[in-house]
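Summary of the model geometry
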Amino acid sequence: MYAEIDHNISKHVSFTSEELKIFHALLEEKSVSKKEFLLKEGDFCDFEGFVLKGCLRKYYINENGMEVIVQFAIEDSWISDIASFSEHKPSHFFIEALEDCKLLILNPSKKEELLSKIPKFERVFRILVQRNLSVTQDRLVNTIAKTAPEKYLDFLEHYPSIPQRVAQHYIASYLGISAEFLSKVRTRLSKS
């Protein structure tokens, strides 16, 4: 059960088997059913979750009442509301399971214990935050500078398995276009 998360955290930092045992002891396994929420707007995010199985979406509801998806999390990825988790403030996001999911969860007190016992985990979490920021910046540039077909092709490059796993309107929401327009984009791309 821990092989995937061990591989994920060991990409940039080496750990001893004893350090990994300490890490494993602080993790909580959590199963989430399809359509179940891990987080709702206004709640405090008390977890950083590593996805072992399944697909989740993180979204907010804009001023027009529309859902705007900001992240899909599938196997070997992390999901949380970093601002709510770190600053203990109400979340602006919903996190919902799109499939039955299995996660490994780290809560704030366990994370602090982990960082106290094994300080090199600071580097792991710093790298995760840097990656998250990089993805967010790329997404911002894509939203402003790219056409809908370019956005969709970029999405397919980064998330090749998502179109087979989620409804088209979720992908449209992530791309910031209507489901109808996404359908036209997909038709045009398949003809070319």
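Residues numbered from 1 in each chain as written. Predicted model: local features only at pLDDT ≥ 70, side-chain atom pairs only at ≥ 80, totals over all residues. Heavy atoms only, no water.

Below, the discussion takes up helix α2 (residues 17-26). Inspection of α2 places Glu-19, Leu-20, Phe-23, His-24 and Leu-26 among the buried residues, and these make up the whole buried set. Relative to the axis of α2, the buried residues are bounded by an arc of 160° and lie together on one face. Exposed positions of α2 whose direction lies more than 90 degrees from the buried face are Ser-17, Lys-21 and Ala-25. Buried residues along α2 sit in contact with α1 (3-9), β1 (28-32), β8 (101-106), α4 (108-117) and α5 (121-145). (Buried < 20%, exposed > 50% of the residue type's maximum accessible area, 1.4 Å probe, protein only. Helix = DSSP H or I, 4+ residues; strand = E, 2+ residues; numbered from the N terminus. Arc of directions from axis to C-beta. Contact = heavy atoms within 4.5 Å.)

Pairing in this open sheet of 4 strands is antiparallel, and the strands run β2-β7-β4-β5 from one edge to the other. Single-partner strands in this sheet number two, and they are β2 (37-39) and β5 (67-73). Between one strand axis and the next, the sheet turns through 30° on average, direction left out of account. Relative to strand β7 (residues 94-97), β2 runs antiparallel, the two sharing 2 bridges. Paired with Leu-39 across the bridge in β7 is Ile-95. Strand contacts of helix α7 (residues 168-175): β4 (56-61) and β5, with the helix running at about 100° to β5, the strand carrying the most contacts. (Pairing = 2+ DSSP bridges. Axes fitted to C-alpha atoms, helices over the stretch in contact; angles between N-to-C directions.)

In this structure, the second largest pocket encloses a volume near 290 Å³. Lining the second largest pocket are Val-135, Asp-138, Arg-139, Asn-142, Thr-143, Lys-151, Asp-154, Phe-155, His-158, Tyr-159, Tyr-174 and Leu-175. Mapped onto the lining of the second largest pocket, the elements with two or more residues apiece are α5, α6 (148-158) and α7. Tallying contributions element by element places α5 first for the lining of the second largest pocket, with 5 residues. Its residues assigned to classes, the lining of the second largest pocket shows 5 nonpolar, 3 polar and 4 charged. (1 Å grid on protein atoms, 1.4 Å probe; cavity = no way out; pocket = protein on both sides within 12 Å on 5 of 7 lines; lining within 4 Å. Points joined across faces, edges and corners; volume = space filled by probe spheres on them. Nonpolar A, V, L, I, M, F, W, Y, C, P; charged D, E, K, R; others polar.)

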